[in-house]
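# Examination of the molecular architecture
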Amino acid sequence: MILQGLTFYVFAAIAVAAGVMVVSARNPVHSVLFLILTFFTTAALFVLIGAEFLAMVLVVVYVGAVAVLFMFVVMMLDINFVEMREGFLQYMPIGVLVGIILLVELLMVLGTASMSPEVLATGTEPIPDIAHRQNTAAIGDVIYTKYIYLFQAAGMILLIAMVGAIVLTLRQRPGVKKQNIAEQVSRRREDSVELKKVQPGQGI
Amino acid sequence: MAELWSIYLLPGIIILAQILAIVVPLLLCVAMLTYAERKIMAAMQLRMGPNVVGPFGLLQAFADGAKLFFKETVLPTSANKIIFLIAPMLTFFLSLVAWVVIPFDEGMVMSDINVGILYLFAISSLGVYGIVMAGWASNSKYPFLSALRSAAQMVSYEVSIGFVIITVLLCVGSLNVSDVVQAQADGVWFFIPLFPMFIIFFISTLAETNRHPFDLPEAEAELVAGYQVEYSSMTFALFFLGEYANMILMSGLTAILFLGGWLPPFDIAPFNWIPGPIWFFLKIAFLLFVFVWVRVTLPRYRYDQLMRLGWKVFLPFSLFWVALTAGVLVAFDMVPNT
C-alpha cells in the first residue's frame, strides 16, 4: 500500500502543479502542454483507483484529439505577450469568481456524500466487484441500460454541435476548381483522344 | 527487510529485466529494419544497396548510428530549447512504451492489462505530439508547416483506425490484447472475414506512422525534411529510431488484430513445432516488407487527396462496416461473451 500511496501523491502533486502552470504560463503553447500533462496525470490517477477504461478514454479523447486541436490553434496564434499581461488584472476577478463557485460546488457534492450517504445511493448503481466484472463491461451495463436516454441525448447534442460547426464554417466559393475523382477515373481514351489522318500540307 | 526485498526489490528487478529483454531486441530490429529497407529498395531499383560495412553491409546501420552519435547537436538560437529537446525524446519514448502490452506468445506479455487495445490506441494517438512540438519549437517555417500537416493527418486517420479496432473488438468481446489473439485461435484469422477493414487498417497505419505514400510531414520536395530540418546528431537519431520502432509496433498491432498474432497458420504438425514468437516475428517482417514495398512503388499523395481519402472514403466505409459487423453478429447470434 505504501507504493500506491506514494504514486498517488506524486501524480496528484504533478497534476496540481501542472494545473497551476496552465493558467500561469506566459506562453500559450506551454499552457497547452501543461494542460496535456494535467490530463495525463489525471489518467494515471484513474488507473490508481481501478478505472482503467476511463483513464484510457481520457487519454484517447482529450490528449489524443482535443488537445491536439487546441495546440493546432494556439500554435498559429500571433500573440503579443505584453498586451496579455496587461489584461491579467482585468480578467482576474472573473477567474476568481468562477474558481470560488467551482470550489463551493465541489464542497457541496462532497459534503452531501459524507453527511448523508443514502442520497448517493438513490442515483448510482452498485459497483460490481472487479474480479467478476471488468469496469469496461460495468460502464457499458449502466450506460446502455439505465442511462440510455441521457447517453443518447448527449450523443445528439454532440452531433448537433458538429453539424452546427460545419454549417458555420462551410462556404461555397465560386470559381474554385475542384477535383472530381469519379470523373477522372471514368474518363476513357475515346472521350479525349481522336485519331485523324492528316494530309501533308493541308492541316485539319 | 525480507518484506522489502520480496515486495519491492525483486519485482522491480524482474520488471527491469523484462524491459531490457524487450527494448534491446527491438532496437536491434530497428537497426536491421533500416538496413533491410535500403536493401529491398536497392533490389527493386536494380542497385546494390549498402554492401561495404561488414558482410553484405550488415553493419551499415551501426556505422550510421555511430556517425550520428559523434556529431554535434546543434541548437538553433531562436528555438524554444526545452521543448526542442523534449520532442525527440517523447517520440522515442512513446514508440517503446507501447510494447508492454504486446503479447509475443501465450502468457508472454509484460503487462496483461484488460484495456490493452485502448492503451495501444492511446499511445499511438500521442505520437503526433513529438512532431507537433518539434515543429513548433524549431521556430522555423518548414518544420512549422510540417507540424500543422502532421497534426491534421494523424488526427484524421486515427478516426478510421478507431473504427477498425472497434470492428475487431466486436468479434472478440474483450479489450485484452491476448484475448484478441485467442479469439482467432478457434475460428479463422480476422483478415478473412474483415478483409476490407484489414486493408483500411494497413493504409491508415501507413498514414499514422508518416510513411510513404503519406509522408507529407517530411516531404523532401516541398518541406525539405519537415519537422526534422533543425535536428542534428542524436536528436535526429531519436526521431529516426522512433519512426522505425513505430513502424514495427504498427505492424505488430496489425499482426495481432488481423493475422492471428503468435498463432501458426494451421494448427497441424510441421507448423505448430515452430514457437509462437517466431510466427509473430515472421508476420511483422512480412508487413514491414509491404511497408517498404509501398514506399518504393507509390508516389506521394497530394495533401487534399490525403484528407479526402481519410474523411470521405475511409471514415464512411469503416463506419458502415462497424454497423454491418454488429448487425451480422446480432442477427446470427454470434456476439461473444453474452
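Residues numbered from 1 in each chain as written. Chains lettered and ligands numbered in written order. Predicted model: local features only at pLDDT ≥ 70, side-chain atom pairs only at ≥ 80, totals over all residues. Heavy atoms only, no water.

For chain A, the helix and strand inventory stands at 9 helices and 0 strands. Helices and strands appear in chain A in the N-to-C order α-α-α-α-α-α-α-α-α. A separation of at least 24 residues holds for 49% of the contacts in chain A among residues at least 6 apart in sequence. As displayed, chain A offers around 16,200 Å² of accessible surface, 71% of which is attributable to carbon and sulfur atoms. (Helix = DSSP H or I, 4+ residues; strand = E, 2+ residues; numbered from the N terminus. Contact = heavy atoms within 4.5 Å. Areas by Shrake-Rupley, 256 points an atom, 1.4 Å probe, with all protein chains shown as cover.)

Before going further, it helps to examine the overall build of chain B. Secondary structure assignment for chain B yields 12 helices and 0 strands. Of the regular secondary structure in chain B, the N- to C-terminal order runs α-α-α-α-α-α-α-α-α-α-α-α. In terms of overall size, chain B behaves like a compact globule, its C-alpha atoms giving a radius of gyration of 21 Å where 338 residues would be expected to give roughly 20 Å. For the C-alpha atoms alone, the extent of chain B along its principal axes is close to 65 × 60 × 45 Å. Counting across all 338 residues of chain B, residues that qualify as buried make up 49%. Long-range contacts, defined here as pairs at least 24 residues apart, represent 75% of the contacts in chain B between residues at least 6 apart. Roughly 15,400 Å² of accessible area belongs to chain B as shown, and the carbon and sulfur atoms make up 73% of that amount. (Rg over C-alpha atoms; globule rule 2.2 N^0.38 Å. Buried < 20%, exposed > 50% of the residue type's maximum accessible area, 1.4 Å probe, protein only.)

Here the focus is the interface of chain A and chain B. In this assembly, 27 residues from chain A lie in contact with 28 residues from chain B. Area buried by chain A at its contact with chain B is led by M56(A), V60(A) and M75(A), which between them contribute 23% of it. Summed over the shared surface of chain A and chain B, the number is 0 salt bridges. The interface formed by chain A and chain B contains 5 residue pairs in polar contact (both at pLDDT 80 or more). Where the side of chain A that touches chain B is concerned, the elements lending two or more residues are α1 (2-24), α2 (28-48) and α3 (52-76) of chain A. The biggest single contributor to the side of chain A that touches chain B is α3(A), with 14 residues. Class assignment for the residues of the side of chain A that touches chain B results in 20 nonpolar, 6 polar and 1 charged. (Buried area = accessible area lost by both parts, 1.4 Å probe. Salt bridge = Lys/Arg side-chain N within 4 Å of Asp/Glu carboxyl O. Polar contact = N/O pair within 3.5 Å; in protein donor to acceptor, adjacent residues only side chain to side chain. Nonpolar A, V, L, I, M, F, W, Y, C, P; charged D, E, K, R; others polar.)

This part covers the environment of S156(B). Residue and element names in this part refer to chain B. Along the chain, the position of S156 falls in helix α5 (residues 141-172). Classification of S156 as buried rests on a relative accessible area of 3%. With 116 residues separating them in the primary sequence, S156 and I40 have C-alpha atoms 30 Å apart. Apart from the residues within four sequence positions on either side, S156 is in contact with M307 and W311. Reaching out from S156, the side chain makes a polar contact with the backbone oxygen of A152 at a distance of 2.6 Å. A polar contact of 2.9 Å, which involves the side chain of S156, links it to the side chain of W311.

As a further point, take the pattern of salt bridges. In a structure, side chains of opposite charge can pair up when their charged atoms sit close to one another. Residues and elements named next belong to chain B. Counted under the stated rule, the structure contains 7 salt bridges over all chains. Between D64 and R38 there is a salt bridge; the shortest N-O distance is 3.1 Å. Of the two residues, D64 sits in helix α2 (residues 60-70) while R38 sits in helix α1 (residues 2-44), which places them 26 residues apart along the sequence. R211 is the salt-bridge partner of E243, the closest N and O atoms lying 3.8 Å from each other. Taken together, the residues E243 in helix α9 (residues 233-258) and R211 in the loop between α7 (195-208) and α8 (220-223) connect sequence positions 32 residues apart.

Taking 1.5 Å per residue as the helical rise, α3(A) with its 25 residues ought to reach 36 Å, and the 34 Å between its terminal C-alpha atoms agrees with that figure. Largest kink in α3(A): about 35°, centred on A67(A). (Expected span 1.5 Å × (residues − 1). Bend = angle between axes of the 7 residues up to and from the residue.)

On to the packing of aromatic side chains, then. Counted under the stated rule, the structure contains 22 aromatic pairs over all chains. Note on Y144(A) and F151(A): the rings are 5.2 Å apart at their centroids and 70° apart in plane angle, and the pair reads as edge-to-face. Between F289(B) and W293(B) the ring centres are 5.9 Å apart and the planes differ by 35°, which places this aromatic pair in the tilted class. Taken together, the residues span about one helical turn, with F289(B) and W293(B) both in helix α11 (residues 276-297) at a distance of 4 residues. When the ring centre of Y142(B) is taken as reference, the NZ or CZ atom of K141(B) above it lies at 6.0 Å. (Phe/Tyr/Trp six-rings, centres within 6.5 Å; stacked < 30°, edge-to-face > 60°. Lys NZ or Arg CZ within 6 Å of the ring centre and 35° of its normal.)

Residues and elements named next belong to chain B. Two numbers describe how α7 lies on helix α12 (residues 303-331): the axes approach to 11 Å, and their chain directions differ by 145°. α12 is crossed by α7, and the crossing has left-handed handedness. From α7, P196, M197, I200, I203 and S204 reach across to α12, where they touch L309, F314, F317, S318 and W321. Here the residues of the contact of α7 with α12 sort into 8 nonpolar, 2 polar and no charged. (Axes fitted to C-alpha atoms, helices over the stretch in contact; angles between N-to-C directions. Left-handed = near helix turned anticlockwise from the far one by under 90°.)

Attention now goes to the side chain of H212(B). Residue and element names in this part refer to chain B. Inspection of the secondary structure puts H212 in the loop between α7 and α8. Separated by 3.0 Å, the side chains of H212 and D215 make a polar contact. Of the polar contacts made by the side chain of H212, one reaches the side chain of R295; its length is 3.5 Å. Excluding residues within four positions of it along the chain, H212 makes contact with L206, V294, R295 and R300.

M71(A), Y129(B), L257(B) and F258(B) are the most contacted members of the largest nonpolar core, which totals 106 residues. With 16 residues, helix α4 (residues 116-137) of chain B is the largest single contributor of residues to this core. Ignoring anything within four residues of it in the chain, the contact list for Y129(B) reads I36(A), V63(A), A67(A), V68(A), M71(A) and L90(B). (Core = buried A, V, L, I, M, F, W, Y, C linked by side-chain atoms within 4.5 Å.)

All we've got here are geometric facts, nothing functional implied.
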